[in-house]
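If you want the building blocks of each chain, they are given just below.
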Amino acid sequence: MNPNPNQHSTVFQTVADALAGSGWLVIPDFLSRPQVDELRQLAQTRQAEFSRAGVGRAGGFGIRDDIRGDSVLWVDEHDPAMQAANARMAELQQSLNRELYLGLAELEWHFASYPAGAFYQRHLDQHREQDTRVVTVVQYLNAADWQAEDGGQLRIYLDEEQSVDVTPHGGTLVVFLSNRFEHEVLPARRERFSLTGWYRRRS
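First, a word on scope: everything that follows refers to the structure included in this document. (Residues numbered from 1 in each chain as written. Predicted model: local features only at pLDDT ≥ 70, side-chain atom pairs only at ≥ 80, totals over all residues. Heavy atoms only, no water.)

### Some remarks on the overall build of the chain
Phase 1: Across its full length, the chain carries 3 helices and 11 strands.
Phase 2: Mapped from its N terminus to its C terminus, the chain presents α and β elements in the order α-β-α-β-β-α-β-β-β-β-β-β-β-β.
Phase 3: Taking 203 residues into account, the globule formula puts the C-alpha radius of gyration at 17 Å, and the chain, at 16 Å, falls close to it.
Phase 4: With the C-alpha coordinates aligned to their principal axes, the bounding extent of the chain is approximately 40 × 40 × 35 Å.
Phase 5: Across the 203 residues in the chain, those meeting the buried criterion constitute 48%.
Phase 6: Sequence-distant contacts, at least 24 apart, represent 78% of the contacts inside the chain between residues at least 6 apart.
Phase 7: Only carbon and sulfur atoms are counted for the fraction: they give 46% of the accessible area of the chain, which is about 10,600 Å². (Helix = DSSP H or I, 4+ residues; strand = E, 2+ residues; numbered from the N terminus. Rg over C-alpha atoms; globule rule 2.2 N^0.38 Å. Buried < 20%, exposed > 50% of the residue type's maximum accessible area, 1.4 Å probe, protein only. Contact = heavy atoms within 4.5 Å. Areas by Shrake-Rupley, 256 points an atom, 1.4 Å probe, with all protein chains shown as cover.)

Next up, the structure:
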């Protein structure tokens, strides 16, 4: 099923308006249930290829169970199985560049699997002294029966006193400015799947 192109344009404009305003947005049903299920099944069939995610860069990189417990598989932009999802996100990138002049050059994203009990402590996506990550995107791939009681919420810190928790319902897309919002992943009671990454500008 191909969504109406006009619906795409409306959603993309909503994302641009939100980033120019509050800096963040949650979009339920950005992907259809069949699309979500197909991507989750793809992730599950490839789990042997996942690697434990670490923290730090270059010589400072390491696995820290006390900070994060997810495993990841980076997406190949030429992977035929990812063609539809990559195309949709490329359209969003083009829209953001057109509307906000962000200079986004690429989307770097990966499948992320959090086993039951795993979490990711509060952090900022933009690395210190490196501003190439501009917009963070999180596309949830969980099954239709996921409930708030299953946990795994994304907690976004809006400021020092306010935060918002996003339940990872399959199909929901979260978008926010990478340099502005610290966030964390709360523990879930069952395995949690997403596609997570960043629109980047060239260094």
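The discussion continues.
### Here we look at the nonpolar core
Phase 1: Residues Met-82, Leu-96, Phe-111 and Val-135 are the most contacted members of the largest nonpolar core, which totals 35 residues.
Phase 2: Contributing elements (two or more residues each) for this core: α1 (5-20), β1 (24-27), α2 (33-45), α3 (83-100), β4 (106-114), β6 (133-140), β9 (173-177) and β11 (192-200).
Phase 3: Ranked by the residues each element gives to this core, the list is headed by α1, at 5 residues.
Phase 4: Not counting chain neighbours up to four residues away, the residues in contact with Leu-96 comprise Val-15, Ala-16, Leu-19, Tyr-101, Leu-102, Leu-104 and Tyr-199.
Phase 5: Ala-53, Val-72, Val-174 and Phe-176 belong to the second-largest nonpolar core, a separate cluster that totals 17 residues. (Core = buried A, V, L, I, M, F, W, Y, C linked by side-chain atoms within 4.5 Å.)

### Notes on the sheet that holds strand β8 (residues 163-166)
Phase 1: Judged by pairing direction, the sheet is antiparallel, and its 4 strands sit side by side in the order β5-β10-β7-β8 without closing on themselves. On the outer flanks of this sheet lie β5 (120-123) and β8, each paired with one strand and no other. The mean angle between the axes of side-by-side strands here comes to 10°, regardless of whether they run parallel or antiparallel.
Phase 2: Bridge count between β5 and strand β10 (residues 183-185): 2 bridges; the pairing is antiparallel. Its bridge partner being in β10, Tyr-120 is matched across the sheet by Val-185. (Pairing = 2+ DSSP bridges. Axes fitted to C-alpha atoms, helices over the stretch in contact; angles between N-to-C directions.)

### Examining α3
Phase 1: The first and last C-alpha atoms of α3 sit 25 Å apart over 18 residues, in line with the 26 Å expected at 1.5 Å per residue.
Phase 2: Burial in α3 covers these residues: Ala-85, Asn-86, Arg-88, Met-89, Leu-92, Gln-93, Ser-95 and Leu-96.
Phase 3: Phi for Tyr-101, located one or two positions after α3, is positive at around 55°. (Expected span 1.5 Å × (residues − 1).)

### Some remarks on unusual backbone geometry
Phase 1: Within the chain, Asp-29 stands out as a residue other than glycine whose phi angle is a positive 60°.
Phase 2: Counting through the fold element by element, Asp-29 comes out in the loop between β1 and α2.
Phase 3: Accessibility expressed as a relative area gives 62% for Asp-29, which makes it exposed.
Phase 4: One non-glycine residue, Tyr-101, lies in the positive phi region at around 55°.
Phase 5: Among the secondary structure elements, Tyr-101 is positioned in the loop between α3 and β4.

### Focus: the sheet that holds strand β2 (residues 51-52)
Phase 1: Strand order in the open sheet formed by 7 strands is β1-β9-β6-β11-β4-β3-β2, and the pairing between neighbours is antiparallel. The sheet is open, and its two edges are formed by β1 and β2, each paired on a single side.
Phase 2: Two elements, β6 and β9, share 5 bridges in a ladder whose sense is antiparallel. By the bridge assignment, Val-138 is partnered in β9 with Val-174.
Phase 3: Along the sheet, α2 makes contact with β4, β6 and β11, crossing β11 at roughly 95°.
Phase 4: Helix-sheet contacts for α3 involve β4, β6, β9 and β11, and the interaxial angle to β4 is about 130°.

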